[in-house]
Amino acid sequence: MGLMWPTAALLMLLGLVPVAFYLFRQRPRVRPVPTLLFWRFGEKTQRRSRWWSELRRWLSLLLQVAFVILLCLALGRPHLPSWGREPGSYILVLDTSPSMGAADREGVTAWEKALDEIDRRVGRLRPDEQVGIVLAAPEPEVIQGWTGNPRRARHALTRARPGPRPADWTATLELAHNLREGRDPSGIIVFSDYVWEGRPVESLLADGTHLSFHSAVENAGITRFTARRSPAVPGDYLLQATVAHRGKSPLEAEALLYRDDVLIDVREVRIEPGGDWDHLWRNASFDGHDYRLVLESDSPIALDADNEAALAVPELPSLSVVLRGDPDPFLEYAFRVQPRIDIRRDPLPDSDPALSANGDRPTLHVYHRTHPAEDFEDAPALLVDPAGDGFWGVADGTVESPLVADQDREHRLLAHVDLGQLRLSRATRFTPPELSDVILAAADAPLMFGRWDERANWLVLPFPLDQSDLVLRAAFPIMAANLIQSLRPSPEFSSATLPGRTQTLLEPIDLAESVSTAAAPRAPSRWERYPLWWWVVLTALLWLFVEGWTFSRRKTE
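Residues numbered from 1 in each chain as written. Predicted model: local features only at pLDDT ≥ 70, side-chain atom pairs only at ≥ 80, totals over all residues. Heavy atoms only, no water.

Remarks on the overall build of the protein chain
Selection rule: Numbering of helices and strands runs from the N terminus, with a helix taken as a DSSP run of H or I at least four residues long and a strand as a DSSP run of E at least two residues long. Only protein chains enter the calculation, and the probe is 1.4 Å; a residue is then buried if its accessible area is under 20% of its type maximum, exposed if over 50%, and partly exposed in between.
When helices and strands are counted, the protein chain shows 10 helices and 26 strands. Within the span of the protein chain, comprising 557 residues, buried residues form 44% of the whole.

Here's what the structure looks like:
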């Protein structure tokens, strides 16, 4: 046994005080009496009970000394090294996954159950015990280091809230093991419903203790709500939603779609037990919008976190086109019909493309019957019937009336384009540089070649547009659209922040073989809310008062 305040042992010397009082005999007072007859009569009775009086006197002294010693021990707050509960210190791991917000039929959530269990365990800390609190989250956090103060631990828990994403349990348990390192004995107690995304390393579960398991309940919720712009059709985008249902009876609900807080669609949702509901919305807009999907049902839904999802569709990025060289109305119109395009003409064909860029927007430089300067920087460029040689290749005569013999139909610039019947009066025969791609070719000359990938963007049409029927075909503006779309940033993929399918289905993983089971401490009764030493102090004080009062009234012997 040890004392939290060892100095209190010196107070045991106060036990000499009642001894001194008992050893001190008070001198009897002399009082005149009319007769001694009655005193002589009681002398015999007093002699008979003298042995009991002496025994009672010393027994009273012994009891008072004992209670003084107990009082001093109580002030020192004694404690035993072990009260049958091992280990002595704990790391309390609290799950903040969205599934912890699921409520049972009584309306009590797993989060509330876990907090209640932690509060009871913290409230029954022994003097030699300490706890640390770790929040299980995508990025785990220590909200309270080692402490033996229940008030401080409870205050740290007031900052804990269930999060929107499931926890990373491997990282969480590694953090808990690092925090308990060097403390022996110590343990890790996990407060969770065990609806986990994946299983952590088995070795990290060896010291986990299962305390607060939330029984599986029926739930339905949104597991996916995404948006993506079309890579081919400017302005088009798709919204996709999935609702999952886990229960014993079919689900009847409504899916309400809001755009910029305005209700635009309502869909009836009917799902069989264990099934899914999927739906696509097709929209077209160059502007950005905020979408919100709400699931409403009269059936009981356990988890509220997956009944609403929100995302933002960004606006279609704009792009600049700079025309250089001889004017051509067909060429200019092919780009002007494209959405979100800023077209302007630069009279200086040899100007630096970097100086002609429009802010941070991508810029396509179109050279018609001219070519870039020798110090041309790496910028997207389209060369139509270039006059001269350069990085795009070396000219070697002309080809009269070439016929298309080969077309790379898989190339991104020729998507939805067929140039097999293209008619040309003439074309310049170029020898393309190495690592360039020939997209369209005649039997003896390339008709469209260049490099159009993540490292370089340049394309050559080695023939005059006014001596071909390309500008009269629908393929021409489609090609221009492919050029524009390829230069825009990758289509934005927007996804709503949702708990996920595993969280929605509330399916816990089986940890029976990995996690030891320990019963949660029972709630303290009304009398157990106060430490035992409080009752010892109160009893000792009461005994001293009663004993001293009765002894002072006792007859002097």
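Remarks on the pattern of salt bridges
In plain terms, the rule: The term salt bridge refers to a side-chain nitrogen of Lys or Arg lying within 4 Å of a carboxyl oxygen of Asp or Glu.
Across all of its chains, the model carries 20 salt bridges by this definition. Between Arg246 and Glu507 there is a salt bridge, and its shortest N-O distance comes to 3.9 Å. Within this pair, whereas Arg246 is found in strand E9 (residues 236-246), its partner Glu507 is found in the loop between helix H9 (501-505) and strand E26 (516-517), the two being separated by 261 residues in sequence. A relative accessible area of 25% places Arg246 in the partly exposed class. A salt bridge links Arg429 to Asp444, with the nearest nitrogen and oxygen atoms 3.7 Å apart.

Side note on the side chain of Asp385
The following threshold applies: We call two residues in contact when some of their heavy atoms are within 4.5 Å.
Relative to the helices and strands, Asp385 resides in the loop between strand E18 (381-384) and strand E19 (394-400). Discounting residues that sit within four places of it in the chain, Asp385 has contacts with Arg369, Thr370, Arg426, Thr428, Leu461, Pro462, Phe463 and Pro464.

Re the packing of aromatic side chains
Applied cut-off: Side-chain rings of Phe, Tyr and Trp (the six-membered ring for Trp) are treated as a pair once their centres are within 6.5 Å; stacked means planes under 30 degrees apart, edge-to-face means over 60, and tilted covers the remaining angles. Think of it as a cone above the ring: NZ of Lys or CZ of Arg counts as a charge over the ring if it is within 6 Å of the ring centre and within 35 degrees of the ring normal.
Counting across every chain of the model gives seven aromatic pairs. Arranged with centres 5.6 Å apart and planes meeting at 85°, the rings of Phe391 and Trp458 form a pair that is edge-to-face. Note that Phe391 is positioned in the loop between E18 and E19 and Trp458 in strand E24 (residues 457-461), a separation of 67 residues in sequence. The exposure class of Trp458 is buried, given its relative accessible area of 10%. In textbook terms, an aromatic cluster arises when at least three aromatic residues are bridged by ring pairs, as seen for Phe391, Trp392, Phe430, Phe449 and Trp458. We note Arg292 situated over the ring of Tyr258; from NZ or CZ to the ring centre the distance is 4.4 Å.

Here's the deal with helix H7 (residues 329-336)
For the record, the criterion: What the arc measures is the spread of directions leading from the helix axis to the C-beta atoms. Contacts described as polar in this section are N or O atom pairs within 3.5 Å, which, within protein, must combine one atom able to donate a hydrogen with one able to accept it, while residues neighboring in sequence count only if both atoms come from side chains.
Buried within H7 we find Leu331, Ala334 and Phe335. The buried side chains of H7 occupy one side of the element, clustering within an arc of 90° when seen end-on. Looking at H7, the residues exposed on the side facing more than 90 degrees away from the buried face are Pro329 and Tyr333. Buried residues belonging to H7 abut strand E15 (319-325), strand E16 (341-345), strand E17 (363-368), E18 and helix H8 (475-487). Its side-chain oxygen at 3.1 Å from the backbone nitrogen of Phe330, Asp328 defines the N-terminal cap of H7.

Examining the pairing of E24
As a reminder of what qualifies: By definition, two strands form a pair when at least two bridges between them are found by DSSP.
Among the five residues in E24, five count as buried, and that is most of the element. Relative to E24, E18 runs parallel, the two sharing four bridges. Paired with Val384 across the bridge in E24 is Leu461. Pairing between strand E23 (residues 446-452) and E24: four bridges, direction antiparallel. Paired with Gly450 across the strands is Leu459, a residue of E24.

As for the pairing of strand E22 (residues 437-442)
Pairing between strand E20 (residues 404-407) and E22: three bridges, direction antiparallel. Bridge pairing links Asp406 to Ala441 in E22. Two elements, E22 and E23, share four bridges in a ladder whose sense is antiparallel. Opposite Asp437, over in E23, you have Gly450 as the bridge partner. Remark: three residues form the turn of the hairpin made by E22 and E23, two consecutive strands paired antiparallel.

Digging into the sheet that holds E9
Worth spelling out the cut-off: The convention used is that axes are lines fitted to C-alpha atoms, helices contributing only their stretch in contact, and that angles between N-to-C directions extend from 0 to 180 degrees.
Taken in spatial order, the four strands of this open sheet run E12-E9-E8-E25, and their pairing is antiparallel. The open sheet has two edge strands, strand E12 (276-284) and strand E25 (493-495), and neither has a second partner. On average, adjacent strands in this sheet sit at an angle of 15° to one another, irrespective of strand direction. Sheet analysis places strand E8 (residues 219-229) next to E9, joined by 10 bridges and oriented antiparallel. Residue pairing for E9: Asn219 is matched across the bridge by Arg246.

Thoughts on the environment of Ala176
Locating Ala176 in the fold gives a position in helix H6 (residues 169-180). Put simply, Ala176 and Tyr90 are 86 residues apart on the chain and 9.8 Å apart in space, counted from C-alpha to C-alpha. With near-sequence residues (within four places) excluded, Ala176 lies in contact with Ile91, Val93 and Ile188.

A short note on the packing of helix H4 (residues 110-123) against helix H5 (residues 150-157)
For clarity, the threshold we go by: Roughly parallel here means an angle under 35 degrees, roughly antiparallel means over 145, roughly perpendicular means 65 to 115, and every remaining angle is called oblique. For any pair of crossing helices, the crossing counts as left-handed if the nearer helix is rotated counterclockwise from the farther one by less than a right angle, and right-handed if it is rotated clockwise. Here the term charged refers only to Asp, Glu, Lys and Arg, the term nonpolar to Ala, Val, Leu, Ile, Met, Phe, Trp, Tyr, Cys and Pro, and the term polar to all other amino acids, Gly among them.
Orientation of H4 relative to H5, taken along the N-to-C sense of each, is 165°, at an axis distance of 9 Å. When the axes of H4 and H5 are compared, the pair comes out roughly antiparallel. For the crossing formed where H4 meets H5, the hand is right-handed. Between H4 and H5, the contacting residues are Leu115, Ile118, Asp119, Val122 and Gly123 on the first element and Pro150, Ala153, Arg154 and Leu157 on the second. The class makeup of the residues in the contact of H4 with H5 is six nonpolar, one polar and two charged.

Focus: the nonpolar core
Quick note on the threshold: We call a set of buried Ala, Val, Leu, Ile, Met, Phe, Trp, Tyr and Cys residues a nonpolar core when their side-chain atoms join them within 4.5 Å.
Val321, Phe335, Leu364, Leu419 and Met448 are the most contacted members of the largest nonpolar core, which totals 39 residues. Considering each element in turn, this core owes the most residues, seven residues, to H8. Those residues in contact with Phe335 that sit more than four places away from it in its chain are Val321, Ile341, Ile343, Leu364, Val366, Leu382, Ala480, Leu483 and Ile484. The next biggest cluster of nonpolar side chains, apart from the first, holds 24 residues, and it includes Ile222, Val243, Ala309 and Val313.

A few points about unusual backbone geometry
Positive phi is not limited to glycine here, since Tyr194 has a value of about 60°. The backbone of Asp385 sits at a positive phi, close to 50°, despite the residue not being glycine.

What to know about the side chain of Glu117
Following the sequence through the fold, Glu117 ends up in helix H4. Reaching out from Glu117, the side chain makes a polar contact with the side chain of Arg120 at a distance of 2.9 Å.

Some remarks on the environment of Val233
By the secondary structure assignment, Val233 is in the loop between E8 and E9. The class of Val233 is partly exposed, set by a relative accessible area of 39%. A C-alpha to C-alpha distance of 9.3 Å links Val233 and Ala284, two positions 51 residues apart in sequence.

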